Amino acid sequence: ISPDGSHIIYFATPVTSKSGDVLGVYVVTYNANIIQSTVEGMLRANQAAAPTTEYTYIVDGVNYFVLAHTSRVDLLYKTYLDKDDARLVKLQEQGVINQDELITLVVPQPEVVIELSKMEAVTDYQAPSYNGELTESVAVRFSNSPWIVVASQPISTISDIIQNQTRTNVLASVISQFLHH
């Protein structure tokens, strides 16, 4: 967190010559608040509003921190890793996270982490949501960063939509048959 309260994300990678010699380090800095406002702006600009049960979020594909979320701002900058995960232990050893902060940063979602960890570019999966309700999700990995965009909706909502559409189709068919006789 920067002095002005912004959440900053740094990505670094070595720059090497063709022979593999390290020439330097390339560092990219992202202001996570801007990412969140960009996602919110995209949603406001979208003419067809998503159902209130559907949500989309961006998660970093390394330590699984939530970078943006369409409906759960309380999850921003929290990780889906378990508090004992080796990646979080390493961040603590590096001084990036202290033990006191760890409890407030962890929202374990092991099923989601497993599914997103094994994906290449695009995947769909089912996993429990934060409140334990089973969701159907689709995820796409950014090609130019370690970020993943996930869209989820509770399966119960999907079932309700299908049942309503089926009911409407059956009623329309019955009425149509009745009118033609």
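Note that the coordinates shown come from a computational prediction; the quantities given were computed from them, not determined experimentally.

*Asks:* Honestly, the overall build of the protein in this entry has me stumped. Any pointers?
*Replies:* In terms of helices and strands, the protein carries five helices and seven strands. Counting helices and strands in the order they occur from the N terminus, the protein gives β-β-α-β-β-α-α-α-β-β-β-α. Each of the 181 residues in the protein was classed as buried or not, and the buried ones make up 30%. A fraction of 40% describes how many contacts in the protein between residues 6 or more apart in sequence connect residues 24 or more apart. If you sum the accessible surface of the protein, you get close to 11,600 Å²; carbon and sulfur atoms cover 58% of it.

*Asks:* Is there a simple way to think about the sheet that holds strand S6 (residues 134-141) in this case?
*Replies:* Within a beta sheet, neighbouring strands are joined by backbone hydrogen bonds and run either parallel or antiparallel to one another. A sheet is described by the order of its strands in space; here five strands give the open sequence S4-S3-S7-S6-S5, paired in antiparallel fashion. At either end of the open sheet lies a strand with only one pairing partner, and these are strand S4 (66-69) and strand S5 (122-128). The mean inter-strand angle of the sheet, taken between neighbouring strand axes irrespective of direction, is 25°. In terms of strand pairing, S5 meets S6 through seven bridges, oriented antiparallel. Along S6, the bridge assignment pairs Tyr125 with Ser137. Each of strand S3 (55-60), S5, S6 and strand S7 (147-154) is contacted by helix H4 (residues 110-117), which is oriented at about 165° to S5, the strand it contacts most.

Calculation criteria
- Residues numbered from 1 in each chain as written.
- Predicted model: local features only at pLDDT ≥ 70, side-chain atom pairs only at ≥ 80, totals over all residues.
- Heavy atoms only, no water.
- Helix = DSSP H or I, 4+ residues; strand = E, 2+ residues; numbered from the N terminus.
- Buried < 20%, exposed > 50% of the residue type's maximum accessible area, 1.4 Å probe, protein only.
- Contact = heavy atoms within 4.5 Å.
- Areas by Shrake-Rupley, 256 points an atom, 1.4 Å probe, with all protein chains shown as cover.
- Pairing = 2+ DSSP bridges.
- Axes fitted to C-alpha atoms, helices over the stretch in contact; angles between N-to-C directions.

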